[in-house]
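Given next are the chains, with one letter for each unit.
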Amino acid sequence: MEEEISAAGVNEILKDAEDLKGHVLSNSYVEYEWKDCRILRDYSDSFWRMLGYKSRESFQSDTDGHVILCIDRVEGLRVRGEIEKAAKNSPDGFYQVVFFAKDHCGQNHEFVECGHVENDNGTTIYRAQILDVTPIYKMREAMTHRLTTDDVTGLPNMDRFYQAVRSLISQHPDVPFEIMTMDIDRFRVINDLFGMETGNRLLRFFGSFFANVNLAMSVFGHIHADKFVMCYPSNETNRARFVQSLQRLAESFPLDYRIMVRFGVYCVRDTEQPVSVMCDRASLALRKAKSTKDDVCCEYDEGVRQRLLDEQIIINTMENALHNNEYVVLYQPKFDLKTERVVGAEALVRWQHPTEGFVPPGRFIPVLENTGFIYKLDQYVWEKTCQFLRDERDKGYTPPPISVNVSRIDLYHRDIIHVLALLVTKYDIPTRLLELEITESAYMDNPEQMISLVTKLHEEGFTILMDDFGSGYSSLNMLRDLPVDLLKLDLRFLENGGSDGRGGSIISSIVGISEQLNMPVIAEGVETRTQADFLRTIKCDYGQGFYFSRPVSEEKYRQMLMADRTGSKTV
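In this text the structure is predicted, and so the values were computed from the model without any measurement.

S.K.: It is not clear to me how the pattern of salt bridges should be interpreted in this structure. Could you clarify?
M.R.: Any two side chains of opposite charge can pair, so long as their charged atoms come close to each other. The tally for this structure, following the rule as stated, stands at 35 salt bridges. With a closest N to O distance of 3.6 Å, Lys 334 and Glu 437 form a salt bridge. Placement of Lys 334 in strand 11 (residues 327-336) and of Glu 437 in strand 15 (residues 434-439) is noted, with a sequence separation of 103 residues between them. The pair Lys 334 / Glu 437 is uniform in exposure class, with both members buried.

Following this line, the structure appears as structure tokens:
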């Protein structure tokens with residue numbers, strides 16, 4: 001259940017109401033006096049029936065006719081006090097009281113007693129009608145449960161969680177607490193790929209974990225979609241244990257997909273704040289964690305709030321920026337390491353904002369990925385690249401291929417193969433000229449789906465590059481199973497920018513393996529002559545980086561191509 005009660009929940013409540021229609025509420029006349037307990041003087045047969053006895057005789061034998069109801073002593077004192085107070089304030093000695101008691105089988109019942117108090121020769125007599133309202137009580141409990149409980153996980157929903165946290169903090173004013181929110185990366189993708197039932201099964205999987213946590217002074221809830229929330233005492237171990245345990249739990253879920261979870265934490269300092277504000281701040285910290293590659297868990301601070309306000313500005317203007325052509329496509333050339341001639345380029349996007357000026361890609365790309373807008377922007381870059389290639393061919397040239405980035409978000413769109421195939425057909429360019437760069441992390445998310453997709457793109461004639469190889473969880477299995485054509489090697493392997501040490505040995509080995517697989521290697525991030533010379537000695541094929549050229553405008557790239565064609569130096 002989200003913020004609203006689900007249709008299924010409404011139907012269950014209506015069903016309970018229908019069941020109640022056929023249930024006759026039991027009532028009985030009783031007359032008693034009260035000494036140490038209620039001593040029964042007279043009662044109707046319906047009284048012993050409502051208490052679960054089969055006959056008056058069995059009731060009398062069991063109770064000896066003394067105790068009207070199996071009522072707790074403390075509850076009895078409360079009830080007697082309320083009766084006496086109500087009778088005293090009533091001119092005719094009338095009263096009404098609600099109380100709980102057990103029947104013959106030990107089941108709890110809720111009763112309403114309406115009566116009046118009389119004096120009979122110095123003895124106080126209570127004459128009343130007792131009504132068993134247990135069916136109404138049970139229905140009320142069921143409705144309350146459904147209205148305050150998530151119907152997928154069985155955990156408290158948002159409202160109930162807020163109430164429980166407020167009560168917890170109020171009861172323990174000297175205990176420092178923190179609020180943690182958790183959600184599942186790309187949960188919508190899981191629903192799209194594997195179906196809603198698999199998504200719900202995953203939510204129940206986490207819900208079961210929270211339901212079985214045995215931690216004093218803690219509350220857990222499921223407040224929206226894939227977002228879980230917790231409140232617990234803040235100390236050195238609780239946060240780390242939750243993060244580690246939930247990460248391991250995510251990895252253990254039986255699904256051919258890499259499930260990742262992220263966390264945001266708000267340390268409760270002002271206990272008078274609304275719990276909703278506390279949770280909002282934890283959610284802001286979660287958004288920060290989701291916008292970075294390396295931070296699994298982030299803590300809220302005012303800097304987080306400002307950064308997220310900046311993100312919101314990007315979100316508010318990203319659509320208009322696309323329509324106004326504020327996104328600029330640049331080309332970073334790739335070079336043959338033997339001849340240092342241009343063998344192609346990579347299309348990159350930059351944002352030239354009309355008021356804020358140049359917006360670094362590290363600032364807006366993660367935001368666009370989180371919102372899903374990156375697919376629209378990538379299609380824009382793909383089309384601009386195809387237009388450039390078409391223009392070059394119209395001028396009589398045979399341009400080298402240009403690679404475009406395919407975001408991991410793009411790969412989950414069912415129409416991506418159709419979109420790419422349609423583009424090369426629209427601009428009538430050979431498919432080999434539009435190369436596709438896919439990151440290794442996308443492969444790790446869902447290997448089987450990635451192998452299937454790359455195979456289909458191959459069938460369409462596209463050349464596939466594995467981007468950022470070595471930056472994450474690269475393995476030889478990837479090279480064996482994924483039918484890529486070129487490998488882009490991340491030079492972050494090189495320690496301190498040099499070729500010595502383990503990094504250089506690893507790169508040399510990868511280049512050697514790639515040569516055996518007949519898979520050319522492009523080293524990206526080449527920044528120094530030392531790195532370029534090292535790459536030549538290990539027979540790396542191509543290089544790309546600031547040492548050779550920064551990303552350049554379309555016009556500058558044309559000039560570089562022309563210089564290569566004529567043998568002259570670039571401008």
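S.K.: Please explain the packing of helix 13 (residues 374-394) against helix 20 (residues 554-566) as it appears in this structure.
M.R.: Packed helices, taken two at a time, are described by their axes: the angle between them and the distance between them. The N-to-C vectors of helix 13 and helix 20 enclose an angle of 40 degrees; their axes lie 13 Å apart at closest approach. On the basis of their axis angle, the class for helix 13 and helix 20 is oblique. Regarding helix 13 and helix 20, the two cross each other, and that crossing is right-handed. Contacts between helix 13 and helix 20 pair Phe 388, Asp 391 and Glu 392 from the former with Glu 554, Tyr 557, Arg 558, Leu 561 and Arg 565 from the latter. Its residues assigned to classes, the contact of helix 13 with helix 20 shows three nonpolar, no polar and five charged.

S.K.: Before we go on, may I ask you to explain the sheet that holds strand 8 (residues 227-233) in this structure?
M.R.: By way of backbone hydrogen bonds, the strands of a sheet pair with one another, either parallel or antiparallel. Overall, mixed pairing links the five strands, which are arranged 7-8-6-9-10 in an open sheet. Two strands in the sheet have a free side with no partner beyond their single neighbour: strand 7 (219-224) and strand 10 (297-299). Here the average twist between neighbouring strands, direction ignored, is 20 degrees. Sheet analysis places strand 9 (residues 261-267) next to strand 10, joined by three bridges and oriented parallel. Considered in strand 10, the bridge of Phe 263 is made with Cys 297. Here helix 8 (residues 196-211) sits on the sheet in contact with strand 6 (177-184), strand 7, strand 8 and strand 9, set at roughly 10 degrees to strand 8. Helix-sheet contacts for helix 9 (residues 238-252) involve strand 6, strand 7, strand 8, strand 9 and strand 10, and the interaxial angle to strand 9 is about 165 degrees.

S.K.: Can you walk me through the packing of aromatic side chains in this structure?
M.R.: The relation between two aromatic rings is expressed through the spacing of the ring centres and the mutual angle of the planes. Within this structure, the stated rule accounts for 28 aromatic pairs. Residues Phe 99 and Phe 111 carry aromatic rings whose centres are separated by 5.7 Å and whose planes lie at 25 degrees to one another, so their mutual orientation is stacked. Residue Phe 99 is located in strand 3 (residues 94-102), and its partner Phe 111 is located in strand 4 (residues 108-120); the two are separated by 12 residues in the primary sequence. With relative accessibility at 0%, the residue Phe 99 sits in the buried group. Measuring from centroid to centroid gives 5.0 Å for Tyr 232 and Phe 242, while their planes differ by 45 degrees, and the two rings are tilted. Of the two residues, Tyr 232 is situated in strand 8 and Phe 242 in helix 9; the sequence distance between them amounts to 10 residues. Overall, Phe 242 belongs to the buried group, its relative accessible area being 6%.

Conventions and cut-offs
- Residues numbered from 1 in each chain as written.
- Predicted model: local features only at pLDDT ≥ 70, side-chain atom pairs only at ≥ 80, totals over all residues.
- Heavy atoms only, no water.
- Salt bridge = Lys/Arg side-chain N within 4 Å of Asp/Glu carboxyl O.
- Helix = DSSP H or I, 4+ residues; strand = E, 2+ residues; numbered from the N terminus.
- Buried < 20%, exposed > 50% of the residue type's maximum accessible area, 1.4 Å probe, protein only.
- Axes fitted to C-alpha atoms, helices over the stretch in contact; angles between N-to-C directions.
- Parallel < 35°, antiparallel > 145°, perpendicular 65-115°, else oblique.
- Left-handed = near helix turned anticlockwise from the far one by under 90°.
- Contact = heavy atoms within 4.5 Å.
- Nonpolar A, V, L, I, M, F, W, Y, C, P; charged D, E, K, R; others polar.
- Pairing = 2+ DSSP bridges.
- Phe/Tyr/Trp six-rings, centres within 6.5 Å; stacked < 30°, edge-to-face > 60°.

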